[in-house]
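# Structure assessment
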Amino acid sequence: MNSELIQHLSKNLKPVRPARTPIQQSMILILLSIFIVAFACLFWYLRKDEFHIPQGRSLLESVLLFLAASYGIYQACLSTSPHFTSIRFSKKSVVFLILWFFVLILSFLSLYFLNQEESLIALKYNTWLCPLVILTSSIPISIISYFFVQRGAVLFARNTFLYLSLASLCFGAFGLSFICPWTDPLHEILWHLTPVLLLTIGIAALQIVIFKKIQKYFKG
Amino acid sequence: MGEMKNWEQMMVEAQNGNSMAYETLLKEVSHYLTSYLRYKLGPQTDPQDILQDVLMTLHRSRHTYNSDYPFKPWLYKIVQSRLIDFFRKERRSIDYRLTYEDESCEVIRAEAEISQIEITDFKKAVEKLSADQQKVLLALKLSGKSIKEVAQDLSISESLVKVTAHRAYQSLYRYLES
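Residues numbered from 1 in each chain as written. Chains lettered and ligands numbered in written order. Predicted model: local features only at pLDDT ≥ 70, side-chain atom pairs only at ≥ 80, totals over all residues.

## Looking at the overall build of chain B
Looking only at helices and strands, chain B has eight helices and zero strands in total. Residue burial in chain B is summarised as follows: out of 178 residues, 20% are buried. (Helix = DSSP H or I, 4+ residues; strand = E, 2+ residues; numbered from the N terminus. Buried ≥ 20, exposed ≤ 12 C-beta atoms within 10 Å, placed from the backbone.)

This is the structure:
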């Protein structure tokens, strides 16, 4: 049975170009993602929100988000090369996200002890636009990175697509930090961080399902 | 070490479209992996299906091989991923059987008890064999090695391996019959 398969595989074997290294792949994807985020920010800026350069704490958050996104993409590219892939989900990929969470919690607490009313002002208004901006800018990144990454060897689909969706949503949140007029920490916890975490799982699950269906289709 | 170098060279040639090198590589790899998979899966499972899956994945991922790195760890990652998939599917099917097929469960349990008794008897029988006979038997039947490989491992002639194995089978047969 296997000898037939071997003959079938080796017959009409076409030359293949060796894949790029994970660093090269991730550099390309990061540049593409920056381009998409810039385009999405421009789109939202023209319509409603105000563009601004983050300063102080917001700048630190933007840097952390950019690092989380870039590292997520690097991990995703790493996981599609059998030379480097690992069965376990790398906890290092969420380090920057945890740091972002701590920055937000600490700033919320410090604001709460200084001015309780001001720190809780985010509870009084709903800003659905923030998760929408994150989603609209991360969906094109997820689609492009999905097609980019599945050209490699996706051996552990769960890990690869978790890294990818995490990275694309962090890029979305990174772009949002340039156009969101609300900078109070509770708003960012409720309308930036929480959607990133929830959507990461959702988008990753969707990508895994699509990937498995496509694989099954080609196997069949 | 020589074998490893050959596989690396063959893989690079396969990437360049050399079908002869690729065919040889796949044949050697499948021969090598058969015993490895048999060891990992145990005697109850036929490794051919997973081996086929591994070969397909290897074929699809051949462009990800980088000649700066050794071939074997690259191959093992592919095998590992296919094994994990297999065990996940197996666990799901076992869960299904245990949940929905109570009657079959009883049969499975009864069969397991019987096979447990047989295994215990068999273990006792193997313990009765001489040390050399045990070594030869385990290498041939458990590790799935060929007579030639066993002879090389134990530094004895191939004919002596055959004689030792034959005597081991006879002793086992006699013990289990009694």
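## Considering the overall build of chain A
Each helix and strand in chain A was counted, giving eight helices and zero strands. In sequence order, the secondary structure elements of chain A are arranged as α-α-α-α-α-α-α-α. Taking the principal axes of its C-alpha atoms as reference, chain A extends roughly 75 × 35 × 30 Å. Counting every position in chain A, which comprises 220 residues, the buried fraction comes to 42%. Restricting the contact set of chain A to residue pairs at least 6 apart, pairs at least 24 apart contribute 88%. (Contact = placed C-beta atoms within 7 Å.)

## Side note on the interface of chain A and chain B
Chain A puts 24 residues into the contact, and the matching count from chain B is 27 residues. For the side of chain A that touches chain B, the per-class residue count stands at 14 nonpolar, seven polar and three charged. (Nonpolar A, V, L, I, M, F, W, Y, C, P; charged D, E, K, R; others polar.)

## Considering the packing of helix α2 (residues 19-41) of chain B against helix α3 (residues 48-60) of chain B
All names here are of chain B. Where α2 contacts α3, the two axes come as close as 10 Å, and the packing angle between them is 140°. The orientation of α2 relative to α3 falls into the category oblique. Our pair here, α2 against α3, has a crossing hand that is right-handed. Residues Leu26, Ser30, Leu33, Thr34 and Leu37 of α2 pack against Ile50, Leu51, Val54 and Leu55 of α3. For the contact of α2 with α3, the class distribution of residues is seven nonpolar, two polar and no charged. (Axes fitted to C-alpha atoms, helices over the stretch in contact; angles between N-to-C directions. Parallel < 35°, antiparallel > 145°, perpendicular 65-115°, else oblique. Left-handed = near helix turned anticlockwise from the far one by under 90°.)

## A closer look at unusual backbone geometry
You will see that Ser155(B), though not glycine, has its phi angle at about 55°, which is positive. The residue Ser155(B) is located in the loop between α7 (147-154) and α8 (158-177) in this model.

## Points about the nonpolar core
Residues Leu65(A), Ala68(A), Ala69(A), Ala167(A), Cys170(A) and Leu25(B) are the most contacted members of the largest nonpolar core, which totals 74 residues. Ranked by residue count, the leading element in this core is helix α7 (residues 157-179) of chain A, at 13 residues. Residues in contact with Ala167(A), not counting those within four places in the same chain, are Ala69(A), Gly72(A), Ile73(A) and Ala76(A). Counting residues in each nonpolar core, the second largest holds six residues, with Leu137(B), Ala139(B), Val150(B) and Val161(B) among its members. (Core = buried A, V, L, I, M, F, W, Y, C linked by C-beta atoms within 7 Å.)

## Comments concerning the confidence of the model for chain B
The share of residues in chain B with pLDDT of 70 or more is 81%, and the mean pLDDT across the chain is 79. Across the interface, the model reports ipTM at 0.76; the global pTM reads 0.71. (pLDDT = per-residue confidence, 0-100.)

## Some thoughts on helix α6 (residues 129-149) of chain A
Residue and element names in this part refer to chain A. Between the first and last C-alpha of α6 there are 29 Å, a value that for 21 residues agrees with the 30 Å anticipated at 1.5 Å per step. The largest bend in α6 is about 25°, located at serine 138, with the proline proline 140 one to four residues further on. Among the residues of α6, those classed as buried are Cys130, Pro131, Val133, Ile134, Ser137, Ser138, Ile141, Ser142, Ser145, Tyr146 and Val149. (Expected span 1.5 Å × (residues − 1). Bend = angle between axes of the 7 residues up to and from the residue.)

## Examining the environment of Ser107(A)
Residue and element names in this part refer to chain A. Here serine 107 is to be found in helix α4 (residues 95-114). Serine 107 sits in the buried class, given 22 other C-beta atoms within 10 Å. C-alpha separation for the pair serine 107 and aspartate 184, spaced 77 residues apart in sequence, amounts to 8.6 Å.

## What to know about the packing of helix α3 (residues 57-79) of chain A against α7(A)
Residues and elements named next belong to chain A. Orientation of α3 relative to α7, taken along the N-to-C sense of each, is 155°, at an axis distance of 8 Å. Between α3 and α7, the angle is such that the two are roughly antiparallel. Both α3 and α7 take part in a crossing whose hand is left-handed. When α3 is examined against α7, the residues Ser58, Glu61, Ser62, Leu65, Phe66, Ala68, Ala69, Gly72, Ile73, Gln75, Ala76 and Ser79 are found in contact with a partner set consisting of Asn159, Thr160, Tyr163, Leu164, Leu166, Ala167, Cys170, Phe171, Ala173, Phe174 and Ser177.

## Some details on the environment of Thr64(B)
Within the secondary structure, Thr64(B) sits in the loop between α3 and α4 (71-100). The class for Thr64(B) is buried, based on 24 C-beta atoms found within 10 Å. Sequence separation between Thr64(B) and Trp74(B) is ten residues; the distance between their C-alpha atoms is 9.2 Å. Contact partners of Thr64(B), with chain neighbours within four places excluded, come to Ala19(A), Ser81(A), Pro82(A), Gly152(A) and Ala153(A).

## Concerning the confidence of the model for chain A
Per-residue confidence for chain A averages 85 on the pLDDT scale, and 96% of its residues sit at or above 70. When mean pLDDT is compared element by element in chain A, α3(A) scores highest at 90, while helix α5 (residues 116-119) of chain A scores lowest at 74.

## Describing α3(B)
Residues and elements named next belong to chain B. Between the first and last C-alpha of α3 there are 18 Å, a value that for 13 residues agrees with the 18 Å anticipated at 1.5 Å per step. Within the span of α3, buried status applies to Leu51, Val54, Leu55 and Leu58. Angular distribution of buried residues about the axis of α3 spans 100°; they occupy a single face of the element. (Arc of directions from axis to C-beta.)

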